[in-house]
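# Inside the fold
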Amino acid sequence: GTAEERAALGRGDKSGADGAGHVTGFVPAGQENPLYKEKYNPSSYSEQRAMTLTKIAKMRAEIKETEDGDHKESLETHLKLEIEHLKTINTQQEEHEAHEQERLGTGKEYDTEQDEA
């Protein structure tokens, strides 16, 4: 039925996130999705990696200094998790780079050594 008929039956149109009666988040063709750019910002990988490496270095130092067995075991578990997080960052960056190459149709990186020969 029409919007008026649905409203009369108590099943009126629901407002979306923006209150306009529809769901937001549509990205017109030819425009970059800002959420994608934010999530897969190449500089964010470097920043995440640097922060994680700093945490890892601090944990390793603390593990060496700690004499309490339970605390040391807890730190070692946390260290393993941080190392896994570092692997995840690297994997996400590799996936992002592969996606960008596919999206741009490059298929492989530009080889500067080949051009110099």
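Presented here is a report on the structure given in the accompanying data block. Computed from a predicted structure; not experimentally measured. (Residues numbered from 1 in each chain as written. Predicted model: local features only at pLDDT ≥ 70, side-chain atom pairs only at ≥ 80, totals over all residues. Heavy atoms only, no water.)

Between the first and last C-alpha of helix H4 (residues 69–104) there are 52 Å, a value that for 36 residues agrees with the 52 Å anticipated at 1.5 Å per step. Burial in H4 covers these residues: Leu75, Leu79, Glu82, Leu86, Ile89, Gln93, His96 and Glu100. By the N-cap criterion, in which a side-chain oxygen at the helix start approaches the backbone nitrogen of a residue two or three places on, H4 is capped by Asp68, the distance to Asp70 being 3.4 Å. Looking at the residues trailing H4, positive phi occurs at Gly105, about 75 degrees. (Helix = DSSP H or I, 4+ residues; strand = E, 2+ residues; numbered from the N terminus. Expected span 1.5 Å × (residues − 1). Buried < 20%, exposed > 50% of the residue type's maximum accessible area, 1.4 Å probe, protein only. Polar contact = N/O pair within 3.5 Å; in protein donor to acceptor, adjacent residues only side chain to side chain.)

On to a negative patch on the surface. On the surface, a cluster of negative charge is contributed by Asp68, Asp70, Glu73 and Glu76. Residue Asp68 is classed as partly exposed on the basis of its relative accessible area, which comes to 44%. (Patch = residues over 30% accessible without salt bridge, like charges linked within 9 Å, V, L, I, M, F, W, Y side chains within 5 Å. Areas by Shrake-Rupley, 256 points an atom, 1.4 Å probe, with all protein chains shown as cover. Salt bridge = Lys/Arg side-chain N within 4 Å of Asp/Glu carboxyl O. Lys, Arg positive; Asp, Glu negative; His and termini not counted. Charge placed at Lys NZ, Arg CZ, Asp CG, Glu CD.)

Counting residues in hydrophobic clusters, the biggest one holds six residues: Ile56, Met59, Ile63, Leu75, Leu79 and Leu86. When contributions to this core are tallied by element, the ones reaching two or more residues are helix H3 (42–65) and H4. Apart from the residues within four sequence positions on either side, Ile56 is in contact with Leu79, Glu82, Ile83 and Leu86. (Core = buried A, V, L, I, M, F, W, Y, C linked by side-chain atoms within 4.5 Å. Contact = heavy atoms within 4.5 Å.)

If the charged atoms of two oppositely charged side chains come close together, the side chains can form a pair. For the coordinates displayed, the defined rule picks out two salt bridges. A salt bridge links Arg103 to Glu100; the nearest nitrogen and oxygen atoms lie 2.9 Å apart. Remark: Glu100 and Arg103 occur in helix H4; sequence separation between them is three residues, near one turn of the helix. For Arg103, a relative accessible area of 43% puts it in the partly exposed group.

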